[in-house]
Amino acid sequence: MTETPKPLPTHLQLPMVPLRELVVFPHLVVPLMLARRQSLQAARRASKGDGLLFLLSQTDGAVDNPTPQDFYHIGTVARVLQLFRVNDQTHKAIVEALSRAEVEKLGFSRGEYRARVRCLAERVTASPETEALIRTVRSQFFTYAGSVVTVPDNIVELVGIIDEADQLADTVAAYADLGIDFKQQLLGEPDANKRLQMLATRLEHELKVLRIQRDITDRVRDRIQKSQKDYFLREQLRAIEEELGRTDPGAAPHAELEAAIGNAGMPEAALAVAKRELAKLRRTAPMTPQAAVCEEYLQWLAGMPWQHRTDDNLDLDHAAAVLDARHHGLDEPKRRILEYLAVKRLRGQNQREPILCLVGPPGVGKTSLARAVADALGRKFVRKSLGGVRDEAEIRGHRRTYVGAMPGRIIQSLRKAGTCNPVFLLDEIDKLAADFRGDPAAALLEVLDPDENNTFSDHYLEVEFDLSDVLFITTANLASAIPPALRDRMEMIELSGYTLQEKLAIARRHLLPRQLEAHGLKPRHLRISDAAMVRIVEHYTSEAGLRVLNQRLADVCRKVAARLAPRKGPTAEAASRRGRRAAQSPSASVSVTVANLAEILGPEPFRNDLVDRRRAVGAATGLAWTEVGGRTMVVEASWMPGKGHITLTGQLGSVMQESAQAAVTYVRSHAAMFGLESRLFDAIDLHLHVPEGATPKDGPSAGLAMTAAVVSSLTGKCVRRDVASTGEITLRGRVLAIGGLKEKVLAAHRHGLRTIVLPESNEADLVRLPDEIRRATQFVFVREVAEALQTLVPDAIVEPRAAEALPATVAAAAPATLPAPSPPPQ
Ligand code: ADP
């Protein structure tokens, strides 16, 4: 940048140097490399004269010998300050650019370009806007220069001190990389403010692009660095594992998993999914949650027993022997199971059988029978309880999109079993119905339906798993509580409660030997007298099955083991490690008798005389059939002056409430039979209560007991409490059949009740009762309520013929005389 000594004439005829990819701006001194002959010639000619030449850019820098059409029409008048030779081909000219000029005419003669040009006068205005523009462009240029490497430091300094708008605009234009076209536009604009404006806009855009470019570069760099780091870490891990001798040096990551997938015997569809997931796992950065989820899933796929099966032993004699060895009695269930296995044997492997459902109260041997079936067949055994299952996902699993998702109970159990054909016990299928909310029953239908279960799909596993080889057995306490759709697909096998004699036999032959073994005792260590055993069953348990009895025997064994174990010396564990079963001295033994039973088991929780056998007013004994077997049940009735209301308490279900209403109506309509006046019922309130309110009760079979309690309460006559009754009643006084007779009779027997009033239509069911019970019990079969009341409240019936009177006449004009209030039930 130098001062122009004298102003240039407006029009000039000058030698011209064509420029490639370069625009030279006034106010600057620039070096030009001259390689073309015509350029050198022009520079020489200028040097010989006043030094002035014209610099004009080619529109296309690639053209060696441009014609006049190949140039922009605005260029720069410059003065050659120096011209020297660089090498044979190249000369260098240092030129000072003086003014922008417009081409008027362009010619080429004698190997040289010549141009007639008109100089363009600079227009500079000094205004606050100019100042603002100067500051803006300067600051933009600083930022720009900081982001690119092409701007020399001295130019940055120079821009920092230039105050003139035109000079600043040209300097910035010369050093910013803005493209030839835009630079030509700047060169063609003589107004400095406009040039600054153009520069500000353009630089803003450039800076934005540079910022984005930098962001992209940073991201790319980060990614490269991360993948380099991952690679480095993986290599290090591999080196460590190699050092520890854990892996094959050439093994690909997850090689073990790959081998497990290959060996799992998956069907093609599942294998394709597994391979796809494995590829995904290998692409995923290790130690990330995604990798963990993917790996866990593959472990599940590889861990499933797709083809691993056990061979069935269909020898029926063997099966019968296994069932007999483990179970006392249970003839009917055993026969049904053997028939089932016989059909299986005849039909062959691929035939579908219905599902067995073992129904009965707890502790009657359902699980134990199912386990014996598995052992007889030589199959693995798995058991899953459905109690409390209310969500389909518990059967079918959660989709993998959930964090912590798992397969459902079916798939989990099968993996645990390790074979695709185990015996699978689905426990408490009736509890599923009780808690039925989502659609677990529908999912279970798919599991159990032989037509569908070969393509069972678990939400987690996603691929289908064939369940058709699994032998499903279900259990339930009450068949009526099983959802009907499921019930239809099952073959019910009923197991009922045990009698005292059966319990004693099972305790001796099966439960006690197993408990002795479990507690490290030999038979000689513990003797339980017959009387003590009866006492344990009758006074320490009150159940249809054997669960509590089994626990009591375990309690006895534990206490005995504790008594026999020496106070010092090796522990039982240590002793058994040395080959001895327990640390008792061989001669020591404990005899359990009625006399020392309380010492061992504590006070008796159940008294056989729990049902108060004394005669009482307003209390009758009924029999109920619940999921834990049969039970006795006391029904109480009481009255007080009032307005004919009936109150029912004790958690009665709706059917039982209706039955209570029916009982009261019956008594009212047959008032004459009991010497009562029908009007009496309008002057009193009746209250019926069934104690043990915490146990919900339902069903119509307490009708007889309720009627007896009401009659007794109103007449003040005692009910025979040593007699139990069961039977549904109608308003006309008929007694209808009831269910669960066997369980109910067993319960009555357990409680020492030896007379039972029951519907005549249930007589046929007696054949199902064990002989000992039949012999020990007096059954009173009745068709009419009146007959039942003859046995239950014999003293209350004053006019037996009135039994047919329907309805009770209301004509009696005399005011009702209230009977004396009955004493509270005893
Ligand atoms: P459930 O599954 O019906 O509740 P379990 O099969 O668990 O009953 O039986 C409880 C206990 O009683 C088990 O130890 C079982 O072996 C035993 N048990 C039940 N019935 C018999 C029987 N008839 N013979 C021998 N043991 C029995």
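Residues numbered from 1 in each chain as written. Predicted model: local features only at pLDDT ≥ 70, side-chain atom pairs only at ≥ 80, totals over all residues. Heavy atoms only, no water.

Visitor: Sorry, what's going on with the overall build of the chain here?
Guide: Helices and strands together make up the secondary structure of the chain, namely 27 helices and 26 strands. Sorting the 826 residues of the chain into buried and exposed places 47% on the buried side. The contacts of the chain with a sequence gap of at least 6 include a subset with a gap of at least 24, amounting to 75%. When the accessible surface of the chain is split by element, carbon and sulfur atoms take 51% of a total near 40,600 Å². (Helix = DSSP H or I, 4+ residues; strand = E, 2+ residues; numbered from the N terminus. Buried < 20%, exposed > 50% of the residue type's maximum accessible area, 1.4 Å probe, protein only. Contact = heavy atoms within 4.5 Å. Areas by Shrake-Rupley, 256 points an atom, 1.4 Å probe, with all protein chains shown as cover.)

Visitor: Help me understand the environment of D682, please; the structure alone is not making it clear to me.
Guide: As for its placement among the helices and strands, D682 is situated in the loop between α23 (654-669) and β20 (684-689). The partly exposed category is assigned to D682, whose relative accessible area is 45%. Separated by 38 residues in the primary sequence, D682 and G644 place their C-alpha atoms 4.3 Å from one another.

Visitor: So what exactly am I meant to see when it comes to the sheet that holds strand β19 (residues 646-649) here?
Guide: Two pairing modes exist for strands in a sheet, parallel and antiparallel, and in both the strands are linked by backbone hydrogen bonds. The sheet built from seven strands is open, its strands ordered β19-β20-β18-β17-β22-β25-β26 with mixed pairing. If you trace the sheet from one side to the other, it starts and ends with β19 and β26 (778-782), each paired once. Neighbouring strand axes in the sheet, compared pairwise and without regard to direction, differ in orientation by 30° on average. On top of the sheet, α23 reaches β18 (629-641), β19 and β20; it is set at about 145° to β19, its chief contact. Here helix α27 (residues 785-792) sits on the sheet and contacts β22 (723-725), β25 (755-759) and β26; the angle it forms with β26, its principal contact strand, is near 150°. (Pairing = 2+ DSSP bridges. Axes fitted to C-alpha atoms, helices over the stretch in contact; angles between N-to-C directions.)

Visitor: So what exactly am I meant to see when it comes to the packing of helix α2 (residues 128-147) against helix α6 (residues 192-243) here?
Guide: Angle between the axes and distance between the axes are the two parameters that describe a pair of packed helices. Between α2 and α6, whose axes approach to 9 Å, the crossing angle comes to 30°. Here α2 lies roughly parallel to α6, going by the angle between them. Judged by the sense of rotation from one axis to the other, the crossing of α2 with α6 is left-handed. Across the interface between the two elements, E129, T130, L133, I134, T136, V137, Q140, F141, T143, Y144 and S147 from α2 touch N193, L196, Q197, L199, A200, L203, E204, E206, L207, L210 and R214 from α6. In the contact of α2 with α6, the residues fall into eleven nonpolar, seven polar and four charged. (Parallel < 35°, antiparallel > 145°, perpendicular 65-115°, else oblique. Left-handed = near helix turned anticlockwise from the far one by under 90°. Nonpolar A, V, L, I, M, F, W, Y, C, P; charged D, E, K, R; others polar.)

Visitor: Explanation requested: the site of the ligand in the structure shown.
Guide: Neighbouring residues of the ligand: 20 residues in total, closest G363, K366, T367, R514 and R547. Between H328 and the ligand, the recorded distance is 2.8 Å, taken from a backbone N or O atom to a nitrogen atom. Here G363 contributes a backbone N or O atom positioned 2.7 Å from an oxygen atom of the ligand. Out of a free accessible area of 550 Å², the ligand has 90% covered by protein chains. Of all the secondary-structure elements, those providing two or more residues to the shell around the ligand are α12 (366-377), α18 (500-518) and α20 (547-564). For the shell around the ligand, the element with the highest residue contribution is α18, accounting for four residues. (Near = heavy atom within 4 Å. Polar contact = N/O pair within 3.5 Å; in protein donor to acceptor, adjacent residues only side chain to side chain.)

Visitor: What am I meant to see in the packing of α23 against helix α24 (residues 703-715) here?
Guide: Two elements in contact, α23 and α24, have axes whose closest approach is 9 Å; the angle formed by their N-to-C orientations is 45°. When the axis of α23 is compared with that of α24, the two are oblique. Every pair of crossing elements has a handedness; the one defined by α23 and α24 is right-handed. Two secondary-structure elements touch here, α23 through M656, S659, A660, A663, V664, Y666 and V667 and α24 through G703, M706, T707, V710, V711 and L714.

Visitor: I would appreciate a short explanation of the nonpolar core in the present structure.
Guide: Nonpolar side chains in soluble globular proteins tend to end up buried together. Grouped together as the largest cluster of nonpolar side chains are 54 residues, with contacts concentrated most on I473, L526, I528, I536, L553, V556 and V592. In contact with L553, other than residues within four places in its own chain, are A507, L511, L512, Q515, I528, M533 and I536. Formed by 53 residues, the second largest nonpolar core is a distinct cluster that contains L257, A274, L444 and F456. (Core = buried A, V, L, I, M, F, W, Y, C linked by side-chain atoms within 4.5 Å.)

Visitor: Honestly, empty space enclosed by the protein in this entry has me stumped. Any pointers?
Guide: Gaps left between atoms show up when a probe the size of a water molecule is rolled over them. Tallied over the entire structure, the rule returns two cavities of 30 Å³ or more. Considering only enclosed or pocket space, the second largest cavity measures out at about 40 Å³ in volume. What lines the second largest cavity is simply Y498, T499, L500, L746, H749, R750 and I773. Ranked by residues supplied to the lining of the second largest cavity, first place goes to helix α25 (residues 741-750) with three residues. Its residues placed into classes, the lining of the second largest cavity shows four nonpolar, two polar and one charged. (1 Å grid on protein atoms, 1.4 Å probe; cavity = no way out; pocket = protein on both sides within 12 Å on 5 of 7 lines; lining within 4 Å. Points joined across faces, edges and corners; volume = space filled by probe spheres on them.)

Visitor: In this structure, what is going on with a nonpolar patch on the surface? I would like to understand it.
Guide: Taken together, I212, I216, V220 and I224 make up a surface patch of nonpolar side chains, about 330 Å² in accessible area. Mapped onto the elements, I224 comes out in helix α6. You can call I224 partly exposed: its relative accessible area is 43%. (Patch = residues over 30% accessible without salt bridge, like charges linked within 9 Å, V, L, I, M, F, W, Y side chains within 5 Å. Salt bridge = Lys/Arg side-chain N within 4 Å of Asp/Glu carboxyl O.)

Visitor: Mind showing me how you'd approach the confidence of the model for the chain here?
Guide: Any residue range with low pLDDT should be treated as having predicted coordinates unsuitable for detailed reading. Here the chain shows a mean pLDDT of 84. Residues at 70 or above account for 89%. When the elements of the chain are averaged for pLDDT, helix α21 (residues 572-577) gives the smallest value, 53, and strand β3 (residues 52-57) the largest, 95. Overall, residues 805-817 carries pLDDT values under 50, and its contacts beyond four positions in sequence, including any with other chains, amount to 24 contacts. In this model residues 821-826 is a low-confidence stretch, pLDDT under 50, and it forms twelve contacts with partners more than four residues away in sequence or in other chains. (pLDDT = per-residue confidence, 0-100.)

Visitor: What am I meant to see in the sheet that holds strand β7 (residues 355-359) here?
Guide: Ordered in space as β8-β9-β12-β7-β13, the five strands form an open sheet in which the pairing is parallel. Of all the strands in the sheet, the pair left with one neighbour each is β8 (381-385) and β13 (490-494). In this sheet, neighbouring strand axes are inclined to one another by 25° on average, regardless of whether the strands run parallel or antiparallel. Where β7 meets β13, five bridges bridge the pair, whose relative direction is parallel. Its bridge partner lying in β13, C357 is registered against M492. Across the sheet, helix α11 (residues 331-347) touches β7, β12 (471-476) and β13, and the angle it forms with β13 is around 150°.

Visitor: Where do I start with the pattern of salt bridges in this structure?
Guide: Close approach of charged atoms allows side chains with opposite charge to pair. Within this structure, the stated rule accounts for 40 salt bridges. Here E258 ties to R282 by a salt bridge, and the two come within 2.9 Å at their closest N and O atoms. Of this pair, E258 sits in helix α7 (residues 255-263) while R282 is found in helix α8 (residues 268-283), placing the two residues 24 residues apart along the sequence. The exposure class assigned to R282 is partly exposed, which follows from its relative accessible area of 32%. Between D530 and R508 there is a salt bridge, with its nearest N and O atoms 3.0 Å apart. Pair noted here: D530 is in helix α19 (residues 530-540) and R508 is in helix α18, with a separation of 22 residues, a long-range link. Residue classification places D530 among the exposed positions, given a relative accessible area of 57%. Each of R100, E122, D170 and R195 takes part in one network of salt bridges that share partners.

Visitor: What should I look at first to understand unusual backbone geometry in this one?
Guide: Positive phi outside glycine occurs at E21, with the angle close to 50°. For E21, the position within the fold is in the loop between β1 (11-19) and β2 (29-34). Of the residues examined, E21 reaches a relative accessible area of 57% and is grouped as exposed. A positive phi angle, near 55°, is found at Q651, a position not held by glycine. Secondary-structure assignment places Q651 in the loop between β19 and α23.

Visitor: Would you mind showing me how to read the side chain of K183 here?
Guide: Residue position: K183 is located in helix α5 (residues 180-187). Among buried charged residues, K183 stands out as having no salt bridge; its nearest opposite-charge side chain is D177, 5.8 Å away. (Lys, Arg positive; Asp, Glu negative; His and termini not counted.)

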